[in-house]
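For reference, the chains in residue letters:
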Amino acid sequence: MATTLMEAPEKTEQKGSRLFVPDYVFVEPNALQYPLGQELYRRFQDEGIPMQMTTSHNQVRGIPGETDVEKYRNAKRTLVIGVRKTLKFETSKPSAEYAIPLATGCAAHCHYCYLNTNIGTKPYVRVYVNTDEILEQANKYIQERPGEITRFEAACTSDPVSIEHITGNLKRAIEFMGKQEFGRLRFVTKFHHVDSLLDASHNKHTRFRFSMNADYVIKNFEPGTSSFSQRIEAAGKVAKAGYPLGFILAPLYWFDGWEAGYTNLLESLRTQLVPEALEDLTFELIQHRFTKIAKNLILQRYPKTKLEMNEEERKYKWGKYGKGKYVYPDVQAKALQGHLEREIARLFPQARVEYFT
């Protein structure tokens with residue numbers, strides 16, 4: 001390839017309402033053995049986006065930047081085309097039985113995002129081109145649970161809607177699950193770019209969820225995502241296309257006026273949602289949490305953030321592998337849960353709250 005990473009054209013700051021277009025592309029040689037890898041290679045070459053080969057999607061070097069913040073922001077503008085070698089799916093409780101790995105990383109800049117911990121020093125966006133192998137592995141997991149519904153979460157390590165215009169992998173997964181008697185797909189997004197998914201043969205086997213939050217949280221902590229109104233409009237399109245709809249209210253965040261803020265959020269949902277959205281509607285409630293590693297990375301990458309992460313005001317909750325995270329103390333957590341559940345029951349009496357965590 002003749003181009004180098006330092007030849008990237010100047011671009012204005014990416015807005016959440018625009019489709020993600022990378023500034024830099026890295027390609028794993030093995031990715032070119034797959035039709036999607038070849039297609040993406042030709043596409044970005046034709047578009048003149050600087051490309052460079054890399055030995056592995058886990059070993060990307062050469063992303064430019066003079067400071068750690070610059071390197072981080074450039075990494076978020078970097079796309080890596082790779083092959084998913086590890087086909088053992090992680091569990092994804094309480095949302096699903098398994099996480100299906102279609103991609104890793106996200107171009108948005110949500111300050112609180114748990115990917116700050118999960119992918120740490122590798123914040124670039126990775127897409128996987130061996131889609132058929134990934135879906136075949138999902139089929140094996142379904143066969144291991146005969147007669148039982150097996151749910152797969154497609155948004156554990158990325159926002160798949162934000163890169164669907166690049167890979168088309170989400171639509172492939174939706175239509176694959178649509179043919180499975182006992183397979184179900186779930187994913188969540190903060191983006192409104194849903195049009196290519198509206199004609200998918202989903203057979204109601206995919207629950208399409210949108211991440212929503214109080215206006216204070218969206219404005220202060222979710223740069224690079226679609227606006228509340230854009231997400232609501234997209235949710236209406238999805239509901240009219242027959243998908244079961246859901247909302248993840250996360251992270252539930254304690255701020256001055258939080259009760260009024262979350263009531264306003266839910267009332268806005270109720271008044272703006274199309275009638276089809278109410279037929280099979282779910283809510284998932286997740287309180288704000290952070291790890292020490294995430295806190296350090298967040299403060300390094302977003303030094304002016306207003307995100308409150310005072311360990312002394314939190315409760316330490318142990319997780320698997322002997323690691324834990326800081327959540328709200330029981331009194332605050334129960335207040336958040338109680339308020340949200342009461343308002344959901346008032347405004348959406350037929351909806352189901354799947355869990356609070």
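Throughout what follows, the structure given in this document is the object of discussion. (Residues numbered from 1 in each chain as written. Predicted model: local features only at pLDDT ≥ 70, side-chain atom pairs only at ≥ 80, totals over all residues. Heavy atoms only, no water.)

With that out of the way, let us pick up the nonpolar core. One finds Phe-247, Leu-249 and Leu-269 to be the most contacted residues of the largest nonpolar core, which totals 82 residues. Among residues more than four places away in sequence, those in contact with Phe-247 are Phe-210, Met-212, Ala-235, Leu-269, Leu-273, Leu-281, Thr-282, Phe-283 and Glu-284. In this structure, Leu-40, Ile-49, Ala-107 and Ile-166 belong to the second largest nonpolar core, which totals 21 residues. (Core = buried A, V, L, I, M, F, W, Y, C linked by side-chain atoms within 4.5 Å. Buried < 20%, exposed > 50% of the residue type's maximum accessible area, 1.4 Å probe, protein only. Contact = heavy atoms within 4.5 Å.)

All right, on to the side chain of Glu-28 then. Among the secondary structure elements, Glu-28 is positioned in the loop between strand E1 (24-27) and helix H1 (35-46). Other than its neighbours up to four places away in sequence, Glu-28 contacts Met-53, Thr-54, Thr-55, Ser-56, His-57, Ile-81, Gly-82, Val-83 and Lys-85. (Helix = DSSP H or I, 4+ residues; strand = E, 2+ residues; numbered from the N terminus.)

Two elements, strand E5 (residues 96-99) and strand E8 (residues 150-153), share two bridges in a ladder whose sense is parallel. Paired with Tyr-98 across the strands is Phe-152, a residue of E8. (Pairing = 2+ DSSP bridges.)

Turning to H1, a few remarks are in order. Relative to the 16 Å expected for 12 residues at 1.5 Å per residue, H1 spans 17 Å between its end C-alpha atoms, a close match to the ideal helical length. For H1, the set of buried residues is Leu-36, Gly-37, Leu-40, Tyr-41 and Phe-44. One face of H1 carries all of its buried residues, which in axial projection span an arc of 135°. Facing away from the buried side of H1 by more than 90 degrees, the exposed set consists of Pro-35 and Asp-46. (Expected span 1.5 Å × (residues − 1). Arc of directions from axis to C-beta.)

One can find Gly-257 in the loop between strand E11 (245-252) and helix H9 (258-272). Sequence spacing of Gly-257 and Gly-168 is 89 residues, and the spatial spacing of their C-alpha atoms is 41 Å.

The strand order across the open sheet formed by five strands is E2-E1-E3-E7-E6, and the pairing between neighbours is mixed. Whereas interior strands pair on both sides, the edge strands pair on one side only; in this sheet they are strand E2 (51-53) and strand E6 (103-104). Across three bridges, the pairing between E1 and E2 is parallel. The residue of E2 that forms the bridge with Val-25 is Met-51. Sitting on the sheet, H1 touches E1, E2, strand E3 (78-82) and strand E7 (125-128), and the angle it makes with E3 is about 150°. (Axes fitted to C-alpha atoms, helices over the stretch in contact; angles between N-to-C directions.)

Next up on the list: the packing of aromatic side chains. Scanning all chains against the criterion turns up 19 aromatic pairs. Aromatic pair Phe-208 and Tyr-243: ring centres 5.3 Å apart, planes at 80°, arrangement edge-to-face. Here Phe-208 is found in strand E10 (residues 206-212), whereas its partner Tyr-243 is found in the loop between helix H8 (228-240) and E11, with 35 residues between them in sequence. Judged by its relative accessible area of 0%, Phe-208 falls in the buried class. In this structure Tyr-243 comes out as buried when scored by relative accessible area, which is 4%. Chaining the aromatic ring pairs together yields one cluster made of Tyr-216, Phe-221, Tyr-253, Phe-255 and Tyr-262. Over the face of the ring belonging to Tyr-328 we find Arg-314, whose NZ or CZ atom lies 4.0 Å from the ring centre. (Phe/Tyr/Trp six-rings, centres within 6.5 Å; stacked < 30°, edge-to-face > 60°. Lys NZ or Arg CZ within 6 Å of the ring centre and 35° of its normal.)

As a further point, take the pairing of E5. Inspection of the sheet shows strand E4 (residues 91-92) paired to E5 by two bridges, in the antiparallel sense. Bridge pairing links Ser-92 to Ala-96 in E5.

The next subject is helix H11 (residues 330-347). Every α-helix carries 3.6 residues per turn, so stepping three or four residues along brings you back to the same face. With 18 residues, H11 extends 26 Å from end C-alpha to end C-alpha; this agrees with the ideal 26 Å at 1.5 Å per step. For H11, the full list of buried residues reads Gln-332, Ala-333, Leu-336, Gly-338, His-339, Leu-340, Glu-343, Ile-344 and Leu-347. Residues of H11 that are buried in the fold lie against E11, H9, strand E12 (281-287) and strand E15 (352-356).

Treat this as a map of the structure, not an account of what it does.
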